[in-house]
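# What the coordinates show
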Amino acid sequence: DYDQMAQVITNLLKNAVEAMPEKGGQIHVRSIDSSDEITIYISDTGTGIAKDNMSKLFTPFFTTKAIGKGTGLGLPIIYGIVKMHKGGISVKSNADPEKGPTGTTFTITLPRTPIN
């Protein structure tokens, strides 16, 4: 569903922008397709996601944003849309500058469907 996948991409881009509030940064969107799947990478050079929060990212109503700034539904909705399309979503992040550049990468993998 084109509209649902646009919602996934838009929400991940919005989150990436919000992860870079003060110093700015870069967002990279890359896709790779093969004969059986399409993989989309959305990366930012933002503050990263704390290790303690990684396991909670797709949990409904979990948010690290201030009250009134987020509902905690964006990533769970993304997860549901990707799963509805028989795809997968994963995330890698570093929030510790001592361990290297900070930032986050979401990877979405979707199966190719034959065009009739």
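Everything below is about the structure shown above.
Quick look at the structure, then. (Residues numbered from 1 in each chain as written. Predicted model: local features only at pLDDT ≥ 70, side-chain atom pairs only at ≥ 80, totals over all residues. Heavy atoms only, no water.)

## A word on the packing of aromatic side chains
Applying the stated rule across the entire model yields one aromatic pair. Summarising the aromatic geometry, the rings of Phe-58 and Tyr-79 are spaced 5.3 Å apart at their centres and angled 40° between planes, so their arrangement reads as tilted. One end of the pair, Phe-58, is in the loop between strand 2 (37-44) and helix 2 (74-84); the other, Tyr-79, is in helix 2, with 21 residues separating them in the sequence. A relative accessible area of 23% means that Phe-58 is categorised as partly exposed. The class of Tyr-79 is partly exposed, set by a relative accessible area of 34%. We note Arg-30 situated over the ring of Tyr-41; from NZ or CZ to the ring centre the distance is 4.3 Å. (Phe/Tyr/Trp six-rings, centres within 6.5 Å; stacked < 30°, edge-to-face > 60°. Helix = DSSP H or I, 4+ residues; strand = E, 2+ residues; numbered from the N terminus. Buried < 20%, exposed > 50% of the residue type's maximum accessible area, 1.4 Å probe, protein only. Lys NZ or Arg CZ within 6 Å of the ring centre and 35° of its normal.)

These results come straight from atomic positions and should not be treated as a statement about function.
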